[in-house]
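Listed below are the residues making up each chain.
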Amino acid sequence: MMTRTETKRRYRTKQQWAVAVVGLSLLTMAASACSTLVGAGVGAGSGAAIGAGVDGGSGAKKGALIGAGVGAAAGTLYGISR
């Protein structure tokens, strides 16, 4: 039979492991979200510039939307692979 002190020690150890796992998970999610947002921003900017240059200015909106989607996907893949 375990004493009260041993039970508390085991509970504390499990709690420390749980806090560590949750903390690392949050850090990983924040890092992947950061690369996704940066990719979307860069993609939107370059897509708008390409759309404005190719279509005489009227395609900038469509280019920005397409570029944001492609950039977000690329940023996510980059974040996962690094």
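The sections below set out a description of the structure shown in this document. (Residues numbered from 1 in each chain as written. Predicted model: local features only at pLDDT ≥ 70, side-chain atom pairs only at ≥ 80, totals over all residues. Heavy atoms only, no water.)

1. With respect to the packing of helix α1 (residues 4-54) against helix α2 (residues 60-81)
The relative placement of two packed helices is expressed as an angle between their axes plus a distance between the axes. The condition that has to hold: Axes, fitted as lines to C-alpha atoms, cover a helix only where it is in contact. Angles between the N-to-C directions of the axes lie from 0 to 180 degrees. Numbering of helices and strands runs from the N terminus; a helix is a DSSP stretch of H or I covering at least four residues, while a strand is a stretch of E covering at least two. Throughout, the term roughly parallel applies to angles under 35 degrees, roughly antiparallel to angles over 145, roughly perpendicular to angles from 65 to 115, and oblique to all others. By convention the crossing between two helices is left-handed if the near helix lies anticlockwise of the far one by an angle smaller than a right angle, and right-handed if it lies clockwise. Working rule for contacts: check all heavy atoms of both residues, and any pair within 4.5 Å makes them a contact. Think of it as three bins: nonpolar holds Ala, Val, Leu, Ile, Met, Phe, Trp, Tyr, Cys and Pro, charged holds Asp, Glu, Lys and Arg, and polar takes everything else, Gly as well.
Where α1 meets α2, the closest approach of the two axes is 6 Å, and the angle between their N-to-C directions is 150°. On the basis of their axis angle, the class for α1 and α2 is roughly antiparallel. Handedness of the crossing formed by α1 with α2: right-handed. Here α1 contributes S35, T36, G39, A40, G43, A44, G47, A48, G51 and A52 to the contact with α2, which in turn contributes A60, G63, A64, G67, A68, G71, A72, G75, T76 and G79. Here the residues of the contact of α1 with α2 sort into 8 nonpolar, 12 polar and no charged.

2. Details of the side chain of S35
Along the chain, the position of S35 falls in helix α1. Once residues within four sequence positions are removed from consideration, S35 is found in contact with G75, T76 and G79.

3. Focus: α1
Stated formally: To estimate how far a helix should reach, multiply one less than its number of residues by 1.5 Å. Throughout this description, buried means an accessible area under 20% of the type-specific maximum (1.4 Å probe, protein chains only), exposed means over 50%, and partly exposed covers the range between.
The end-to-end C-alpha separation of α1 is 75 Å, in line with the 75 Å expected for 51 residues at 1.5 Å each. Among the residues making up α1, those that are buried are S35, G39, A40, G43, G47 and G51. Along its buried surface, α1 packs onto α2. The first or second residue beyond α1 is G56, which carries a positive phi of 70°.

4. Re a nonpolar patch on the surface
Here is the rule we go by: Residues enter patches when they are more than 30% accessible in relative terms and free of salt bridges; like-charged ones are connected within 9 Å and nonpolar ones (Val, Leu, Ile, Met, Phe, Trp, Tyr) within 5 Å. Areas reported as accessible are Shrake-Rupley estimates using a 1.4 Å probe. Residue values count occlusion only from the protein chains shown. The salt bridge criterion pairs a side-chain nitrogen of Lys or Arg with a carboxyl oxygen of Asp or Glu, the two atoms within 4 Å.
Together, V22, L26 and M29 give the surface a local cluster of nonpolar side chains, amounting to about 310 Å² of exposed area. Mapped onto the fold, V22 is located in helix α1.

5. Notes on the environment of T5
Secondary-structure assignment places T5 in helix α1. For T5 and S25, which are 20 residues apart along the polypeptide, the C-alpha to C-alpha distance reads 30 Å.

Limitation: the analysis is restricted to geometry and does not speak to function.
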